[in-house]
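Descriptive structure summary
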Amino acid sequence: MQAPVGWTGLGQWAFVLAAFAGLVLGVWQIDWQRRGRPVSRAGIAAVLVGAVWALLQAALGPHAPVALLADMARNLAWLLVVYALFARDGRHESVAPVRPVLIVLAVVELLQVVLLVLDWRFAAFPVARAMIFQIAVMLRLLVITGALVLVHNLYAGAMTAQRSAVRWTCAALAVIWGYDLNFYTIAYLVRGTPAELVSLRALAALLGVALLAAGAVREQTTGRFSPSRTVAFQSLSLLVIGGYMLVMVGVAQSIAWAGGSATMLTQLGFVFASSVLVLALMPSGRLRGWLNVMLSKHFFQHRYDYRAEWLRFNATIGRGGARGPGGMTSGAGDTVPLHTRVIQAVADITDSARGALLMPADSGELVLAARWQWPTLDVPAQGLDAAGAAFFETHGFIVDLDEVRGGIDHRGEAQATPVWMIEEEAVWALVPLLHFDRLVGLVVLGRPAVARQLDWEDFDLLRVVGHQLASYIAENNGQLALLEASRFDEFNRRIAFVMHDIKNLASQLGLLARNAQRHADNPEFRKDMLVTLSNSADKLNALIARLSRYGAGNVEQLAAVDAVAVAQALAGRWPHGASGAQVVVTVHGPCTIMANRETLEQVLAHLVQNAIDASPAGQSVRVELRSEALHGCIDVIDTGTGMSAEFVRNNLFKPFVSTKAGGFGIGAFEARELVHAMRGRLDVESREGLGSRFSVRLPLAAAAALSPPRSQQDVA
């Protein structure tokens, strides 16, 4: 048959490429054999014979006698490979018909030599040549059918553990002989070999070489051949682009074939509309996220490239020299705070664009410690109560908030999850950080661009990463504790001298009082001197007691105190300015609490003064009083610069850390300890640039009889 020029050229180049690939694979396997690796000699011979066959097909054409002999040699070589695979696991001895069948097939294939001689002998007789061609095709069909049956028996009869060793070779032979079966069937029916089928035969041979190469690589390497996520995603993108180009060319060509006066205008309109669509969709982060999810779900056995994830995790958690998102710093140069890096390390795994970190407070509840790219998340002062924290510490359960919102409750997480997280639709998942079965933090992940349901692989990876991050946080907390202990040690050494001098002064004053009582002649003078000296001694002793305890408090002196009167008297200490009162007291009902009046005044005075210092000039500080359940609440609110969650969590109540020039940094610490001593708690809510709210909560006097003993109190 006369071959079209296009198909002939394609077939020649495809055969050349198949020959080159076969030669490369053969040389590769010979080198492996030289190095002592197990390689089948029959397989090497078959690959090299197949390469020679492809080269002769490209150079001489499919009907040349030499090419036909090469075709026969290739089939014989592959039959030898089949026998070698049977002999590999000893089945050539147990399956008796294998060897006779192979011998018969080889003899039938060798009959092609006889047919070639007859074709040369009767070259002048077209009818005879046509008959010889039909016989040759029928013999080829017989050989190929028998060979495919052997390949099927080879793979189906192999043990499960042995199938992986023969899978790739059987697949290659199925492709080569399966195409030849269709090729010779059509040739028999049309009494010729169409050029299109000859060209496609070269592609089938090339695919067979590729399968053999994949099997060889798998056998000779310990690692599994698998492209990375990045390469696969980029390859998929190229395929999408290529498919798009093919569609464009096909549609444009169809329009051209349709003809008409509007052909060119229609082509330009189609190209313009398609280009606009691509430019609009390809930059979309949502589209890229969807492609990434679909690629991981359908093209990989495991969604995550664990090597790439671990490298990125280490790069994120170890990054201390670059400013983080939003320009957040920890106060030590431009380094990204550890807690911020912890959030980002977890968020990167699930492609979440934002997150937050809750960490335990003194009484066991979780409070906001840091944010990552989530300034709008409204977290209450108590982010998670002690019962919820105990649930995560006990179970280490990773919560998918979408399941909780849908009514799914696996282990009681619906009850442990606070209401504000469930109502906030942007909150997607909760990842506990456990260190030796102790909860050191809870990462709140925001919803990714393409939301999906978390599965077992997400849970396994997040759980492992959570344990690793918990160890980093625990180590950091240990270092901070050591630093604080060293500072306390220095403070104790310094204060010891002060206390020693004060004690000496108190002793001297007491001695003076006793001597004056004994030697003074004027009774009135003696009386006044005794009163003065006694008061001085009492004050000095009280100072010593306060320096010794830092908020241990005197529980026996608690009494009913009108918090409204205390706040109003305190507000009078700061005079009115041009813009109005500097301290504004707002009362939302009576508020009589159990407290020590002097201690309460000291705490509120410190909080109000700090609020005034943090507020702009002319701005008022509000003091609000109200009753909530069994507690009275006193809020000190300012509109000043505010504080970051990192500072509130790690520095606000740490002694010796102060934002004021020359400050000693024990005021906030002492205020909280004094509130604790009165069986209350001090909560803080602050936003950078918006201001702060300090809330003092103390038991109501009416509920004093219901309060549990101090040993059972849960203080913050």
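Structural data are supplied above this passage.
First things first, this report covers the structure right here in the doc. Just so it is clear, the model here is predicted, and its values are computed rather than measured.

Cut-offs applied
- Residues numbered from 1 in each chain as written.
- Predicted model: local features only at pLDDT ≥ 70, side-chain atom pairs only at ≥ 80, totals over all residues.
- Heavy atoms only, no water.
- Helix = DSSP H or I, 4+ residues; strand = E, 2+ residues; numbered from the N terminus.
- Expected span 1.5 Å × (residues − 1).
- Buried < 20%, exposed > 50% of the residue type's maximum accessible area, 1.4 Å probe, protein only.
- Polar contact = N/O pair within 3.5 Å; in protein donor to acceptor, adjacent residues only side chain to side chain.
- Pairing = 2+ DSSP bridges.
- Axes fitted to C-alpha atoms, helices over the stretch in contact; angles between N-to-C directions.
- Contact = heavy atoms within 4.5 Å.
- Salt bridge = Lys/Arg side-chain N within 4 Å of Asp/Glu carboxyl O.

1. Structural notes on helix α21 (residues 597–614)
The end-to-end C-alpha separation of α21 is 26 Å, in line with the 26 Å expected for 18 residues at 1.5 Å each. Within α21, the full set of buried residues consists of T599, L600, V603, L604, A605, L607, V608, A611 and I612. The residue sitting at the N-terminus of α21 and contributing the capping side-chain oxygen is N596; that oxygen lies 3.2 Å from the backbone nitrogen of E598.

2. What to know about the sheet that holds strand β10 (residues 631–638)
With mixed pairing, the 5 strands of this open sheet are ordered in space as β7-β9-β10-β12-β11. Of all the strands in the sheet, the pair left with one neighbour each is β7 (583–587) and β11 (681–687). Averaged over neighbouring strand pairs, the angle between their axes works out to 15 degrees when direction is ignored. Sheet topology places β7 next to strand β9 (residues 621–628); 5 bridges connect them, and they run parallel. Bridging across to β9, V583 finds its partner in V621. In the packing of helix α20 (residues 563–571) onto the sheet, contacts are made with β7, β9 and β10, and the angle to β7 comes to roughly 165 degrees.

3. Observations concerning the pattern of salt bridges
Inspection of every chain in the model, using the stated rule, returns 22 salt bridges. Notably, a salt bridge pairs E109 with R140, separated by 2.9 Å at the nearest N-O pair. One end of the pair, E109, is in helix α5 (residues 98–121); the other, R140, is in helix α6 (residues 126–156), and 31 residues separate them in sequence. The same class applies to E109 as to R140, namely buried. The salt bridge partner of E628 is R626, with a shortest N-O separation of 2.8 Å. Here E628 falls in the partly exposed class, since its relative accessible area comes to 31%. On the basis of relative accessibility, which here comes to 19%, the residue R626 falls in the buried class.

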